[in-house]
Structure formats: C-alpha cells, structure tokens
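Residue-level structural notes
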Number of protein chains: 4
Amino acid sequence: MTQRFHPPLLKSAAEDPVARLVLETRTRTLDLVYGLPPEDLVVQSMDDASPGKWHLAHTTWFFETFILRPHATNYRQFDPNYAYLFNSYYVQLGARYARPQRGLVTRPTLDTVLAYRKHVDEALKQFLECGHRTGEIQALLELGCHHEMQHQELLLTDLLHALSFNPLQPAFRPTGPLPVRDPDSEPSWQEFPGGIFEIGHDGQGFAFDCEGPRHEVLVRPFKLASRPVNNHEWIEFIEAGGYRSPTLWLSDGWSTSQKEQWQAPLYWWQEDSIWWSFGMRGAQPVSLDAPVAHVSYYEADAYTRWSGKRLPLEAEWEIAVTDIPIDGNLMESENFRPRQSAVSAPLNQMYGDVWEWTASPFVPYPGYRPPEGAVGEYNGKFMCNQFVLRGGSCSTATAQLRPTYRNFFYPHQRWQFSGLRLADDG
Amino acid sequence: MTQRFHPPLLKSAAEDPVARLVLETRTRTLDLVYGLPPEDLVVQSMDDASPGKWHLAHTTWFFETFILRPHATNYRQFDPNYAYLFNSYYVQLGARYARPQRGLVTRPTLDTVLAYRKHVDEALKQFLECGHRTGEIQALLELGCHHEMQHQELLLTDLLHALSFNPLQPAFRPTGPLPVRDPDSEPSWQEFPGGIFEIGHDGQGFAFDCEGPRHEVLVRPFKLASRPVNNHEWIEFIEAGGYRSPTLWLSDGWSTSQKEQWQAPLYWWQEDSIWWSFGMRGAQPVSLDAPVAHVSYYEADAYTRWSGKRLPLEAEWEIAVTDIPIDGNLMESENFRPRQSAVSAPLNQMYGDVWEWTASPFVPYPGYRPPEGAVGEYNGKFMCNQFVLRGGSCSTATAQLRPTYRNFFYPHQRWQFSGLRLADDG
Amino acid sequence: MTQRFHPPLLKSAAEDPVARLVLETRTRTLDLVYGLPPEDLVVQSMDDASPGKWHLAHTTWFFETFILRPHATNYRQFDPNYAYLFNSYYVQLGARYARPQRGLVTRPTLDTVLAYRKHVDEALKQFLECGHRTGEIQALLELGCHHEMQHQELLLTDLLHALSFNPLQPAFRPTGPLPVRDPDSEPSWQEFPGGIFEIGHDGQGFAFDCEGPRHEVLVRPFKLASRPVNNHEWIEFIEAGGYRSPTLWLSDGWSTSQKEQWQAPLYWWQEDSIWWSFGMRGAQPVSLDAPVAHVSYYEADAYTRWSGKRLPLEAEWEIAVTDIPIDGNLMESENFRPRQSAVSAPLNQMYGDVWEWTASPFVPYPGYRPPEGAVGEYNGKFMCNQFVLRGGSCSTATAQLRPTYRNFFYPHQRWQFSGLRLADDG
Amino acid sequence: MTQRFHPPLLKSAAEDPVARLVLETRTRTLDLVYGLPPEDLVVQSMDDASPGKWHLAHTTWFFETFILRPHATNYRQFDPNYAYLFNSYYVQLGARYARPQRGLVTRPTLDTVLAYRKHVDEALKQFLECGHRTGEIQALLELGCHHEMQHQELLLTDLLHALSFNPLQPAFRPTGPLPVRDPDSEPSWQEFPGGIFEIGHDGQGFAFDCEGPRHEVLVRPFKLASRPVNNHEWIEFIEAGGYRSPTLWLSDGWSTSQKEQWQAPLYWWQEDSIWWSFGMRGAQPVSLDAPVAHVSYYEADAYTRWSGKRLPLEAEWEIAVTDIPIDGNLMESENFRPRQSAVSAPLNQMYGDVWEWTASPFVPYPGYRPPEGAVGEYNGKFMCNQFVLRGGSCSTATAQLRPTYRNFFYPHQRWQFSGLRLADDG
C-alpha cells in the first residue's frame, strides 16, 4: 500500500497498539481521499449517503468530543460550530435549519476540514504520547477507530453512488478491467453438524455492543457453499427471468423491484449482450468469476428461491468461520472491487470481497442491554427491519472485522458491496 | 349470540365437523354485517384495508374457485367476471385498470354480492351432503374456513377504520361504555425455566404452513406478566412523556411516530383531561383496566424500554400457553372490544382481548418450505419486515386459534386489536 | 324527458319563474340519480371529485342555510351536524377529523340524505307559496339553483370517473353506441372583424360575480371553425405522433403527459386498432364525427400547435355567440354524451356537447371586486392557474348558461366534457 | 466595479458594440464567481436551481454550439461529452442516467470548467476579430449574451438559495447591514389616463421572441405607487395576520402557504422581535425602508387584497415606464440587495432592486408565433401557469433590460429578488 500521507509516528507506537490503531486509522482515511477534487467530496446523492467531507469531519468530531475536550489538558476547540454541524444529528437552529441536508453545507470547505483533521490529529498525537490512559479512555479511543473504519467504508460506497450519476463515468481509482473469464466449476459444499454452540462476543477486546452477550444457540446440521455466488451465476438468474418472476420474490421485495425497476444488480447495464458495471475502477465489463455485489436482501432471497437453496443464518456463518483467519480481499488490498478467489479451501472468501446477506433479522441477542450514555446509543435503536450481513467486503478495513461482527442494512439497500453465499439444510 | 341468519342445517352436520365448520363460518360472516347499510361496506379507508363487500365476495370466491368449480358436479359459476374482481390480485385489463382500488368498485352491489354468497352457500350445502370427500377436499374446505375467519376479523377492523373518519362517530354496534374503573393491582409474574422445547405445529389437524415444522428451540429462563398492559398503565406512559422521548424508541419507530404525529394509541383523543377512544361501540371514555389496544410494535417496544422489561419471544409465548384452554373474550362473545379480566389465574387473557406483539420477526421456522401451487403461496412471501403477534383478539373466531397460530403485521400498523404483555429474563 | 319524480307543483308556479326554477332544479337532481344503487353514490375516486351523496346533501344544505334557516318562519333544522358535514369545508373536530375525505363518510346513508332533501323541499315549497319575497331572497334562491346546476354536472362527471375504475365497465344509462360514421367534411371558417367590443355581464338577471363587470375589449380580426374538433381529427393527431412529440406541447403539459402516461383522451383505449371510450352509456367505439371530449387544456393546446391554428380567446368566443340561441345537446336532451351536429349553420354546437377550452387564463375582468360575505367568496379566489371554458356540455343544464358564462378548470384536468374549437387570426 | 479578470480587449471593441457586449458579459460571469470555493459551485439545492458550475459551463456551451462549431473555421471542440452534459436537457444514456440531477455531476471540476471557458473565450476573441459577420451571427452573439446575463442572475439567486441551508450562514460577499431606518413617508400615486396604447417590442435591436409583436392594448385609467412596497409595510402585513387570514389569499396560494408553512418572505426569521433576513451579504436585520424581496405572487396578491389595491397589469407597467431611463440598483452596482431609493421622482425604482410581480399571466401577445429551430424553442413553451414580472432586480445586468422585457415565474416561487408595486384603478 502506498502511504500517501505519512503520520507522525509515535516513539511508543510499537508497544502501544491502541495508539498505533489511532494513527493508522486516521492516516488511512486521508489516504482514501488523496487526490480527489473537493467537488467529489461535497455532494450527497441520496438520503442514505453522506458527503465525503462530512465523513472526514464527523469522525474527527468524534475524537474531539469524546477524547480531547473532556480528557486532553489545554485542548483548544477548533470551531464551536462544528459541534452541531458534524454531530450525526443537527441541533435545531429554527424551522429553516431543522433538517438541513448534509450535501448543501458547502462550507467549511474541504481545505478547512483537512485543517480541522490536522489540528485534531496533532492534539491526539500529543495526548497519546504523554502518559497513562484509563481503561475508559482506551475504550473510547478504540471505539473512535472502529467508528472511523465504518465511515471509511461508507465514504467509499457513498462516493461510488455519487459518481454513478455522472454520465462521464469517472473512476475513483482508474485501472483496467478484471479478466472476463468464465468460472470453470460449481462450488462445493462444506457440511457442519448440528448441536448447541456459543456465538457472540465474550467481552475480550473491542466489540460493538450488539455483538454480545455471548450465548448458546441450537443449530441444526447445515451446509455452506465453498464460495459466494458469482456474477456468472447471477447472469444465469437474470436470463432465467429471475427479475420477472414474482413467485420467486418476497412480497415486499417484488413491490420494491417493480417500483425501482430492478433488472440487474445496482450499477449494472447491458450493451450489445455484454453486461457492464460501474465501480470504483470505472465502467468495466462484469468479471464473471467474481462474487456478485450490490444486490439487496430481496434479490439475494429471490436468488436462493430460484436455486432451491437458502441464505445462511448468522449463527451458521459464525460457527463456520471459527477457525478461519481474517484475511482476504479487504480494504488494505486496495482493489476496491470483488475478485475471483485463487485459493481452494473448503470455505473461501468468508472475509472480504462482499458482505454476505444472512437470513437473520438484526435483533438483540438474549440478555442484550444497550450501554448507558450517548456513546451507548449506538446500535440498539436499529434493531428492527434490517438484516445481518457478515464477513466484510473489499472496502472494509481488516482491523474492523471479527468473527462476531454484525453488519446490518435494510433489505432494499444495494449501495454496499453486498452479495451472498448459499446455504442448505444438512 | 343472536343468530340472525339461520343456515340450512345439514342432516349429517353433527357427525361431520368440517361440514359444520363450513356452515357456521359462512353464517357468522353474514351475521357480522347484518343490518349494516351498503354504504358502510363499499368504502376503503386506506391501502391496508378492503371494503366489507370485497371481504364478503372474496371469501366466497375462494370456495367457488377451489371447491365448487373443480369438484362439484354441475356447479354453475355465478359470474365469470368475479374471477378477477375478487381474486386478491386483479387481472390486468389494460393500463387503465392495472391497479384499481377496491374501494372504487361500486358494482356488483351489496345485494348482488349477497346473492352470490347465497348461490355458493347452497351449492356448498349440496356438495357437503352428497357423500364422500377426499382428504385434499377436506383440507381445502378447512383452509377456506380459516381463510374466511381471518377475513371476518379484517372486515371488522377495516370497518372500524373507515367509520373512524366520520365526524358523526357512528357505532358498529351501539352500547354503553365499560366502567372507567381504576385497576387496583400490579400484574404478577409467572416464571418459566429454560431448556430445549418443541414449538410449531406437528401436522395433526389444520394449521397454516408457516406454523410448522415443529422443531426444537433453546429457551432461557423467562417471566411473563399475568395480564396484558392495560389502559391505565398506558396513560402513565403517555403522561411520563413516552411519546416525546426519542431515546425510548427504535429509530424507525421514532421517525414514524413523528411523521404520523402519534401521541396516543390509534383512535384515542383527550377532552377535558379525559381520554376517549373510538371503537366498535362508538366513542367512549377509555376503560382503564382493559388491555390497551391499537398500538403498533413501535409503541409496544417503546413501552417496554420505558418499563425496563421486554416483549416476549414467540417461543416463550407458545411454551407458556401449552396448558391453557382456548377461551376468553373472542369474537363469539360479541363484545368487539377488549375488557378487564375477572379471572385471576397465573396467566390471564393469553387468548382473546388483544393480539400480543412478540419480539420475534416473522421468519420461517427451520426446515420450512412453502407448499406447492397457488393455495400454497399463502404466507411465505410475507416473511420479511413483519413481527409475530400471538393469542387472538376480541374479534377473532375461537376456531381460528391454536397455540401455534402466528399472526403477523408490520411494526407501524395499528388498526388491529394489537396490544402487549410484558416479559423479562428469568 | 321522463319525469321520474313529480314535484309538488305550486299554484303560482306559472307566474313565478324563480319558484319554478327552484322546483325544477331540485327535481332534476333527483331524476339524475334515480335508480342508482347507494354504492355508486358513496365513493370518491379522486381529490377533485365528490361522492354523489355529498352533492345531493351539499346543494340541500345551501338552501337550508341561506334561505330556510334565516328566512323561513318555524323552519326546523333537519340535523345540526350537517352544518359541518355538508359545508364545502369541514369544521375541524380535532386533529383526527381535520381533513376527512368525503368518500369515507358512509353515514348519513343515501336514504337519510334523500329524506333530508324531502324535508328541505317541502319547507321550500311552503316558503315559496306563502307570499312576498325580498330581492335579496330572490337572488339567493337563484344562486342556490345555479349552484345546484353546477353540482348536477359535477355529480355526473364525478360518477363517470368513479365508474371508470370498475373493470366491469358499468353504464350510468345503458344504451347502444352512436354510429361510427366517418365525417365527410372539413369545418368551414367563420370570419369576424376586429374592433372594440363589450363583453361581460351587465347585471340584468342572474350571473356569477366573475362574469362582470361588462367592459370594453380590443379585439383583432379572427376566425372560428364552424364546429368543434371531432374524434376523427383527434385520432389523426394521435396517429401523427401528437402524444409523442414534445415540441408540440407546453413544457408543463409535456411533463404532465409523461408523468400520467397520456396517449389519448381520458377514458379512451384501443383494441384491435379500434378506439373505444368509456362514457355514461358504457364502453363503446368512439363515434368519429362527435366532438372530442375529456381532453385537457394541455392536449387542446398541443392539438392547435399541430394544426397550425390556435384556441380562441374568451372575448372572441363571447363576441361570436352574441346572436346564437342557447340550445343544443345539453343536459335536458339526456344524451349525456357529445354527438354529431346535424345542423349546418355558420357556427354549430357553440352551446352543448363539450365545453370549449379558450386560450384565456381565468383572471378578473377590469374593475372586478368580489362581493362581500360568505356567499360572495364564490369565484375570486380561484382566479389563478386555471383557464376559461365556454359553451356548456351534454351534461350542463340549459338554464345555467349565458353568453357571458365563464367556466374554469386547471390545464391538466380532463374529467369534464371538455373539448375545443379552433380559431385563427383574421 | 472592481474588474477581477481582465478580458483581452479587442482592437475593434470600441466600434463593435456586439463584440464589446460578448467580452464584457463573459468577463462579468467570471467576476461573479471570483474567490468562491469549488464547493459552493457544485451543489444544487432544489429542482428549480442549478449549480454555479453548470451555469458557467452551459453559457459557454451555448457559444461553442451555436457560434464556434458552425461558424469558426478550425475551431477545436473542447470535449464532445459536454454536448449532453451542459445542454439544458441531458441526452438519455440509458435508464440510469435518464434524469441525472445536475448537482451530482462533480466532474468536470470547477478548474476544468474554467479551462473550458478560457478555451471558448479565446476562440471567441479570434472569431470576433477576424472580420465580417452576417446578421444571423450577430443575432446569435447577442442572444448568447442575453442568455448568459439571465444565467448570471440565476447563478446568484441559486447560490443564495444553497447557502441559505448552511447553519453557519456564510455570506456571498460579506459586508455590514443597511441602516434599519424607519421610512418616513407613504408612497405617492402617479396617475395615468386610459386609452389605446402600443406595447411590446417593435423588432429594432435585440429582444426575446415573447416580447413581440408590438400591438395595441386598450387600457383604463390607472395609478401606480411611487415606489415598491417596502419591508416596513410588509411587517405591518405580517403583524396584521396576513399569513393567517385565508380570505386574503387565492385558494392555491393558501394551500401552498399552509403546506410550506410560510410566515414571512423567504429567508426571513424573527429573533427577539427583530426581523432578520439572509442575503448575499449574510444574515442581517431587515432594512425597513428597502423594497421587500423574495415574496411569491401568492404573497404579493394577498398583500394587495389586504391593502385594498391591486397589482399592475404588465401593459400598465410598460406604459408607465416609457420615458424612464434604465438605471438603478442593478447588478453593476454590486449591492446584490435591494436598497432604499434616495431619489424622489414621481416613479422610483421601476428598474432594479426587485422584480415587480404583475397581475398578468405569461401568455402570448396577439399574433405571436415562436421562431423556428432549436434556438427558437426559447420562451413559447412556458406560456402557461406563470406570471409576468417587470423591471429587473439588484442582480440583473443593465444591458439585459428593456421597457418590453418580460420575466416570468410560477406564482409559488420565491427565490428570485421578487417584490411588488401597488396599482389602483384611475
């Protein structure tokens, strides 16, 4: 990975993993936007997305608000206005500004936001160097980093969404297409016995609140496909009329697909019988043996009904991944697109490439209680109407992932690198 | 119950429970609309609702289409047009009629629809009397009855919704209010041990597809309140600012409550510090010790967060109800409104009064496969974005209920008699 | 005309034209709905329309409120609730009822509304018989009649709109189609010199406020076609791509036509290359030599651009009609559909058949001041965004029309019997 | 006026007024955006507005497409993609790009658009210098300039609208407030006799198609106020309940005002009983004796009803302005906000400060025919649903104005510098 911005290394970084995480995370965010014009970072292409500039500022505001202002002696606030500008929810300034759209806030400019980041990063560095930190502060620093890694991925997927509206089809990082090679084999199936298993986070090391408590689940024998569904298979689904057959779809899924006129994954179109897609590398022919991405839960579910299989439960996914190292086509690879897997393990690409939709609604684990305070309001209030995805994508930072990590999106959403892996009863 | 229409009793009815069910169900539907003017039965007050006239015809169309036309010799179809008029989905007649709203179809008139019912009922009676029926036909007859019982409840709740828009506040069945008595006691808590239990339908007798297969679940120790949350307690929630405190709500729930300006259950309003509600008996002061009804999942969920408890899982509800007989304030009582329970068993009002929201999303049970064919498309396609309710309401037919019965609605819906019972970890 | 209800004739009716107008108008309204089932009269198929039941009651409420209650001794109000139920704007009864939709008010039933009419009609008859009436009362009686005639036409067009959603295509008054004869001739052109003319109502006899004051206009020489554009010509416009050529359309018109997917007049569709339309007589092949109806201003305007002509100004229309008697295919003919004109005068069908769109926005005449009081709020507030139509249609009462009569609708509206006549510079 | 960019002066400019107009117009556009960050010029705050970057490119595209490519030998097109990117209507590139929002097109960046302008400006300069130009080319050059001047004003008002959503309230050109002086006098009334007058453009010199043909109008005696309605008077209207009195409003106006919750002109709010407004100079107290701006036609119309006067007809305005020179607080003053008039002529501020709503719908003049070809599609298709405004504003270029100039907007629009002047019958 080409390091475009070189962070001021701490003397103690080698022995201080939290400090290292902070500096690396803050630096990588800047790397991601390196060379982009301000125009790319100011627009907001839909309600679900935010401008890049806002991501840059909001993640900085987090460290300023929860670390520097309460805990760093003599910290000088960069600009008091940012408290409401870059909070996730704007404070009401009167009827007119009650719900401003983030994409309309052109100032502070990108340059000023970068100065804000520099101001906070320097204060963070001083803070990290000078001495002892309580456990609470360690936890907040880690939370700030994991929060920022989530926003790194959103920054990328939000930007892709915005660029996709440009008829000129500009690439985030231009490069040539992947080979349009036809995959030569069916996936194999890995079998797992049933029984009572433990899943969820046990509290050792960082995790988000919704990953715990660790608890027992009763699982029936099941099988998982050795790799995610690929684009070749998805084109077969399209050609078999998958997008025209209401009986394959959930009722809500069919309504959505009709209203939105879905005929293929997001960012796909057909020219002269070749399927193309728009991605971080620009417009390119669809790579047939890469995992399909940018499909909604509704599409993934319809595909499973067509194929006679089903989506895995999140417990099944977590059990299956127990002994698999966290590695793969992740953000650090700088591919920013799903690729074919060269490896042929029993289970491939469980991490990276595409987030895998599970059949599990995002609901609390038994005994879950949301933590107290503003920071604690993090995940519990979203435990409704969304489905869990597992495994990370080509735009997820490695350090963000754990076997217990639960991502979640609404079943109609497609702008993430979301795909699927088939499961079946054992 | 005053029998308003007297069905032609079959000679064999006493020994033929399916035939008895058919005749009783068909008759009760007519009883429900007895005396209503045609005007009440033609309107459709929202997309979720249908006109009473449509319910009367659609349930009839079901028997005509799946029993009489394929299986009754010499059956003469009443009107071929009804095949698309009273199917759940209209056949397209061209762009103009692609999606007619049911409330705009003024003809056939109520009189003609009643004639249609009579025509089909007489043919059904002949069919039921003359001899042997295959298992498949028995199953279809039962399905037709259970389908019609579901529509009986919808007919009532849809009508209530329509009448609620009338400034004159007409009552479906006028009568005096219930006593506005203050409940004198807290609910007690019934404890249940954890373990592995079986839930779901075992295939003996009628059930809908989504109730099976019967399967093992791992349950942790839990407690259930001895009765549903009542109106007195709900008013405390209102007065404590429940509808003004975003931190009590799911994120989607809060958006909905703000957009819809919820400040109390559906049909409630306040006059001179007295809470009133509109119901099947007209406008009446809220009966304090009756179970709260017409609350959404979002409101039920917010209430549990305020109370420090939680909603039960559907498995917990089903385990708890194992030995409780199916009895209570159900449709046959003809109250058409929730009432205080006089009994003081450990668990009261598990059946009847109000459907109880559970914390369980409506998803397939392990091993579930939707049945083949048009009839089989019944429930599977709704297994997304909805929550399970259990126990039936004051407008549910007794014969419709089983311990395994799973009702389901979207978390924002309020026009059913939906309430809640608190649960807690054991 | 078959008189279905026979009004109690006044002794003095022959010498009392206002009394005669009242009784005839009230009776004709009942004639119009004679034999219709209550179901037809309760539905509201769009915001622009009202249920027939509401028209019946609202016109009655007008006489009760402005004549009987203030001026008839001992008049007993039928039901005080009707004051807000059948006012054009509902009084707010609290948040829930702030904007009820008229189509949801199922009660009072049609029977009760007819009883209300009878109650008011009998009181009106007594009032008309017993004695002297002031000029103010005479004026109010006339206004009530002209108001009711407007609602007669709306009752018909609203009902047609509602019936059009029924896949069974029920006819208001079933009968056979008109001959599908091809018209044999082009219209001729009638020339008019320019100059200064007077238009507008001079205050003699009844007129609506917006018809005056009478004033001078400067008119340039112009020509009018001898008859309205007919269906044969409209089909030529369709076949020439009129609905697919944005350059023929106003910008707002094109957006509307695309959004609403207009491809022909309202109620038209094509089967096997034959154009059909739905009307008061049911579904019938389009009668080629009848005037086109149910076209919006946008469509009429596009047609003129295609034909190289223009729409007349309302002043031109009024000047041209000066010596033409008010006669034609009007409501009393009971055709309820436009027909070919047999006559061959220089100008034919200026009255009746279809309202003719003019190029004149509905704005106040010079010196116009709205009258004082509630009754006076009649037309002034609509003087924006609408266009004037002239001449009446097959559903307009003859007594309603005058040379100065200004009807007005929004340029996108099509549910009236609205057509056009071409004009050109002289 | 500080000239920020110095255009390459033509040798012949002094004797070549069209060349001078081109160079001055092109330069002024750049002056307007001088110093603005790219972020300000990429956003689109509503459908009615366009990003500044788009205005810069679209006006350039106009000269490239209609002058340089057809008429300049050896002209090299800057980028063929711009043909659809910066046309007013995007060519369809497939379903995805069918209706892109201009605010989502982040590239070409501002720098590239400025390079595009430079490329075209240099080619224009060469073209203007080298020789004879046909009348058609002269006309197109003039049209290009007048087109660009219209976009200059839109660029300013669109930018103001975008900045208004920023809680930080950034100023386009910061400076201190105007004095909050109370105006000391009522306006006087200037009387005009009735008669037949000529209005409209006679074809000498540049004008837009809709300004002609020149034609006779019959006008009744009338009066005009000596100055526009000022903010002091508008506050009186607010305090008299103007925004709460439905009887003052047109029906459509009242619906809009309720839906949009209007309580004052756009950009106004109240703090501690002081009225503030947001403008090109930032947030400032409302200057009491400056003309009111940012009011819709609906508000202007309601104000006249409250005041007992009326809006002028466009013919009245044009007759009154005959002998008044085109001067005032226009774009060249660089005030970018309406100001009090120091002068005390019989009619003041007819040009500049605020566009004045007239009572005249924007319809074609008698004998109007839209010109042929793409350029000619300019105004005719908007002749529906809009009202004429006259006189120019503080953001209108002087050279853009003529006595016959007709501006037009929808009656609900408020983001222009739109105000009003009272009229009355003579």
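Residues numbered from 1 in each chain as written. Chains lettered and ligands numbered in written order. Predicted model: local features only at pLDDT ≥ 70, side-chain atom pairs only at ≥ 80, totals over all residues. Heavy atoms only, no water.

1. A few points about the overall build of chain A
When its secondary structure is counted, chain A shows ten helices and twelve strands. Expected size for 426 residues packed as a compact globule is a radius of gyration near 22 Å; at 22 Å, chain A falls within 12% of this value. With the C-alpha coordinates aligned to their principal axes, the bounding extent of chain A is approximately 65 × 50 × 45 Å. A separation threshold of at least 6 residues defines the contact pool for chain A, and within that pool the share at least 24 residues apart is 80%. For chain A, the accessible surface area stands at approximately 17,000 Å², while carbon and sulfur atoms represent 51% of it. Put simply, chain A has 37 plus and 51 minus side-chain charges, and the middle of one group is 4 Å from the middle of the other. (Helix = DSSP H or I, 4+ residues; strand = E, 2+ residues; numbered from the N terminus. Rg over C-alpha atoms; globule rule 2.2 N^0.38 Å. Contact = heavy atoms within 4.5 Å. Areas by Shrake-Rupley, 256 points an atom, 1.4 Å probe, with all protein chains shown as cover. Lys, Arg positive; Asp, Glu negative; His and termini not counted. Charge placed at Lys NZ, Arg CZ, Asp CG, Glu CD.)

2. Topic: the relation of the copies chain C and chain B
Least-squares fitting of chain C to chain B yields an RMSD of 0.0 Å, with the transformation described by 0.0 Å of translation along the axis and a rotation of 180 degrees. Read as a symmetry element, the transformation amounts to a two-fold axis. Proximity to the rotation axis, assessed at the C-alpha, singles out Glu39 of chain C in chain C; its C-alpha lies 2.9 Å from the axis. Of the residues that chain C buries at the interface, 97% are likewise interface residues in chain B, meaning the two copies contact each other through the same surface. (Least-squares fit on C-alpha atoms with pLDDT ≥ 70 in both.)

3. Details of the interface of chain C and chain B
Contacts between chain C and chain B engage 39 residues on the former and 38 residues on the latter. Here chain C packs against chain B, burying approximately 3,300 Å² in sum over the two surfaces, 62% of which is carbon and sulfur. Scanning the region where chain C abuts chain B turns up two salt bridges. For the salt bridge of Asp40 of chain B with Arg107 of chain C, the shortest nitrogen-to-oxygen distance reads 2.4 Å. The interface formed by chain C and chain B holds eight residue pairs in polar contact (both at pLDDT 80 or more) in total. Mapped onto the side of chain C that touches chain B, the elements with two or more residues apiece are helix H3 (82–85), helix H4 (110–129) and helix H5 (135–163) of chain C. The element best represented in the side of chain C that touches chain B is H5 of chain C, accounting for three residues. Taken together, the residues of the side of chain C that touches chain B sort by class into 23 nonpolar, ten polar and six charged. (Buried area = accessible area lost by both parts, 1.4 Å probe. Salt bridge = Lys/Arg side-chain N within 4 Å of Asp/Glu carboxyl O. Polar contact = N/O pair within 3.5 Å; in protein donor to acceptor, adjacent residues only side chain to side chain. Nonpolar A, V, L, I, M, F, W, Y, C, P; charged D, E, K, R; others polar.)

4. Concerning the nonpolar core
Among the nonpolar cores identified, the biggest contains 117 residues, and Leu68, Leu141, Trp234, Trp268 and Leu420 of chain A are the most heavily contacted of them. If you tally residues by element for this core, the top one is helix H5 (residues 135–163) of chain A, at eleven residues. With residues near it in sequence (within four places) discarded, Trp234 of chain A still touches Val229, Tyr243, Pro265, Trp268, Val292, Val295, Glu299, Ala300, Tyr303 and Leu420 of chain A. Core analysis: the second largest hydrophobic core is formed by 115 residues, Phe86, Phe127, Tyr267 and Tyr297 of chain C among them. (Core = buried A, V, L, I, M, F, W, Y, C linked by side-chain atoms within 4.5 Å. Buried < 20%, exposed > 50% of the residue type's maximum accessible area, 1.4 Å probe, protein only.)

5. Brief notes about the interface of chain D and chain A
Between chain D and chain A, the contact holds 38 residues from the first and 39 residues from the second. In this assembly, chain D and chain A are joined by two salt bridges. Inspection of the chain D/chain A interface yields eight residue pairs in polar contact (both at pLDDT 80 or more). When contributions to the side of chain D that touches chain A are tallied by element, the ones reaching two or more residues are helix H3 (82–85), helix H4 (110–129) and helix H5 (135–163) of chain D. Residues of the side of chain D that touches chain A, tallied by class, amount to 23 nonpolar, nine polar and six charged.

6. Brief notes about a negative patch on the surface
Residues and elements named next belong to chain A. A grouping of Asp182, Glu186, Glu236 and Glu239 is seen on the molecular surface, where their side chains present a negatively charged patch. Along the chain, Glu236 falls in helix H6 (residues 231–239). Using a relative accessible area of 39% as the deciding quantity, one classes Glu236 as partly exposed. (Patch = residues over 30% accessible without salt bridge, like charges linked within 9 Å, V, L, I, M, F, W, Y side chains within 5 Å.)

7. Some words on the arrangement of the chains
Separated throughout, chain A and chain C approach each other most closely at a C-alpha pair spaced 14 Å apart. At no point do chain B and chain D touch; the closest pair of C-alpha atoms across them sits 14 Å apart.

8. Regarding the side chain of Thr358 of chain C
All names here are of chain C. One can find Thr358 in strand E8 (residues 355–361). By relative accessible area, which is 0% here, Thr358 ends up buried. At 2.9 Å, the side chain of Thr358 forms a polar contact with the backbone oxygen of Val388. Other than its neighbours up to four places away in sequence, Thr358 contacts Tyr297, Leu311, Pro312, Leu313, Glu314, Phe387, Val388 and Arg390.

9. Focus: the sheet that holds strand E9 (residues 387–390) of chain A
Residues and elements named next belong to chain A. The four strands lie next to each other as E10-E9-E8-E11, forming an open sheet whose pairing is mixed. Sheet topology places strand E10 (407–409) and strand E11 (418–419) at the edges, where each strand pairs with a single neighbour. Pairing of E9 with E10, which is carried by three bridges, proceeds in the antiparallel orientation. Pairing of Phe387 across the sheet is with Phe409, part of E10. (Pairing = 2+ DSSP bridges.)

10. Comments concerning the environment of His215 of chain A
All names here are of chain A. By secondary structure assignment, the location of His215 is in strand E3 (residues 215–219). Distance from His215 to Pro366, taken between C-alpha atoms, is 7.3 Å for residues 151 residues apart in sequence. Not counting residues up to four positions away in its chain, the partners in contact with His215 are Phe197, Glu198, Ile199, Tyr365 and Pro366. Polar side-chain contacts of His215 include one of 2.9 Å to the backbone oxygen of Pro213.

11. Examining the pairing of strand E5 (residues 268–271) of chain B
Residues and elements named next belong to chain B. Where E5 meets strand E6 (residues 274–279), four bridges bridge the pair, whose relative direction is antiparallel. Considered in E6, the bridge of Glu271 is made with Ile274. Between E5 and E6, which pair antiparallel and follow one another directly, the connecting turn spans two residues, one of which, Asp272, has a positive phi of 50 degrees.

12. Some words on unusual backbone geometry
Cis peptide bonds are those with omega within 30 degrees of zero, and the linkage from Arg107 of chain A to Pro108 of chain A qualifies with 5 degrees. Checked against the element boundaries, Pro108 of chain A lands in the loop between helix H3 (82–85) and helix H4 (110–129). The residue Tyr267 of chain C is not glycine, and still its phi comes out positive at about 80 degrees. One can find Tyr267 of chain C in the loop between helix H7 (251–259) and strand E5 (268–271). For Tyr267 of chain C, a relative accessible area of 3% puts it in the buried group. Phi angles above zero are rare outside glycine, and Asp353 of chain C is one such case at about 65 degrees. Checked against the element boundaries, Asp353 of chain C lands in the loop between helix H9 (314–320) and E8. Overall, the relative accessible area of 3% leaves Asp353 of chain C in the buried class.

13. A look at the pattern of salt bridges
Tallied over the entire structure, the rule returns 84 salt bridges over all chains. Close ionic contact of Arg227 of chain A with Glu233 of chain A constitutes a salt bridge, the shortest N to O distance being 3.0 Å. Residue Arg227 of chain A is classed as buried on the basis of its relative accessible area of 15%. On the basis of relative accessible area, Glu233 of chain A is assigned to the buried category, the value being 10%. For Arg402 of chain B, the salt bridge identified is with Glu211 of chain B, shortest N-O distance 2.5 Å. Of this pair, Arg402 of chain B sits in the loop between strand E9 (387–390) and strand E10 (407–409) while Glu211 of chain B sits in the loop between strand E2 (195–199) and strand E3 (215–219), placing them 191 residues apart in sequence.

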